[in-house]
Each structure stands twice: as C-alpha cells, then as structure tokens.
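Examining the three-dimensional arrangement
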Amino acid sequence: MQISSRFTLALHIFACIDTFKDKYKITSSFLASSTNVNPVIIRKILGQLKAAGLVDIARGTGGASIARPLDKISFLDIYRAVECIDNGKLFHFHENPNTECPVGKNIHLIVDDKLDRVQEAMEKELASITLQDLKQDIKKRCNY
C-alpha cells in the first residue's frame, strides 16, 4: 500500500506558495512548473485545500495564498484535505473473508485494532509537524 502523491504534491504546493509569494503570482501554471505536474492536477489539489480552508484562491489572475499562519497548519490537516480515505480509515480491509475459515472468520478481530494503532501513530506524527517546520527546512536547504 502506498499513500498517493497528492499529499506530497500538496506539501510542495505550500512550500512554493510560501517561498515565492512576494516575487511571483502563484498560479496553477507556476506551481506546475515547480512540481512538473499537469496544471489540471494542481488545480484539483488546490480545490481540495481551499475546501479545507487551508488556501485562498483569487479567481482569474489573482493566484493562491495560504489561508492560516504556517504554525497553525499541520501535515495532518493537509493529509486529511487531499487523501481519499474511506470512512476515515487508512487501511481498507477486503470485503468478504471466508467465514467458514477459522482465520477468515476472525481476521477482523485479529488485525483491526493493530491497524487502528498504526493509523493513530501516523496521524499523531503528522499532527506534530507544521508548515512552519517545512519553511525552516526550506530556508536551510535552499538558502532562501
């Protein structure tokens, strides 16, 4: 299983918005040039981020901006905005295990709580990292 690239693309988008906000108009084309991803995909992710209240988008030639202070947006906020997880669950269990099989009959009782703990640990870690942390690393790495 692999989390889609929407999450890392969203992080890249936020990094660009913050880094270049005073020098360039932040459009989907501008972001596409940095991410090397089609502007249509960028617009879809921006739409998800806007719906979550994380970015503001000025129609026409206005561009995108970050809607809240960087230290108030966690990686978890971004992850929840762009990742399509079913019923809030990271792991999707196969639908119909064989109830005639002793393992199949009990697999949910055996595995579900462990998967919930894994998801909780991941979400706790994502909640502990903010866009402010990302900005500090960009300053160090990019001399910006």
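For the structure itself, look to the data block above.
Below or above, wherever it landed, is the structure these notes cover. (Residues numbered from 1 in each chain as written. Predicted model: local features only at pLDDT ≥ 70, side-chain atom pairs only at ≥ 80, totals over all residues. Heavy atoms only, no water.)

1. As for the pattern of salt bridges
Tallied over the entire structure, the rule returns seven salt bridges. Across the salt bridge formed by Lys 21 and Asp 18, the nearest N and O atoms sit 2.8 Å from each other. Residue classification places Lys 21 among the partly exposed residues on the basis of a relative accessible area of 43%. With relative accessibility at 13%, the residue Asp 18 sits in the buried group. (Salt bridge = Lys/Arg side-chain N within 4 Å of Asp/Glu carboxyl O. Buried < 20%, exposed > 50% of the residue type's maximum accessible area, 1.4 Å probe, protein only.)

2. Description of the packing of helix α3 (residues 39–51) against helix α4 (residues 75–82)
Remark: α3 packs on α4, axes separated minimally by 8 Å, with the N-to-C direction vectors making an angle of 115°. Here α3 and α4 pass one another in a crossing that is right-handed. Residues Ile 45, Gln 48 and Leu 49 of α3 form the contact with α4, whose own contacting residues are Ile 78, Ala 81 and Val 82. Split by residue class, the contact of α3 with α4 holds five nonpolar, one polar and no charged. (Axes fitted to C-alpha atoms, helices over the stretch in contact; angles between N-to-C directions. Helix = DSSP H or I, 4+ residues; strand = E, 2+ residues; numbered from the N terminus. Left-handed = near helix turned anticlockwise from the far one by under 90°. Contact = heavy atoms within 4.5 Å. Nonpolar A, V, L, I, M, F, W, Y, C, P; charged D, E, K, R; others polar.)

3. Examining the environment of Ala 51
Mapping Ala 51 onto the fold places it in helix α3. Using a relative accessible area of 72% as the deciding quantity, one classes Ala 51 as exposed. Along the backbone, Ala 51 and Ala 81 are 30 residues apart, and their C-alpha atoms lie at a distance of 7.9 Å.

4. Quick word on the nonpolar core
Residues Phe 7, Phe 14, Ile 17, Leu 31, Leu 49, Ile 78 and Leu 131 are the most contacted members of the largest nonpolar core, which totals 35 residues. Every element with two or more residues in this core is listed here: α1 (6–20), α2 (28–35), α3, β2 (63–66), α4 and α6 (131–142). In terms of residue count, α1 provides more of this core than any other element does, nine residues in total. (Core = buried A, V, L, I, M, F, W, Y, C linked by side-chain atoms within 4.5 Å.)

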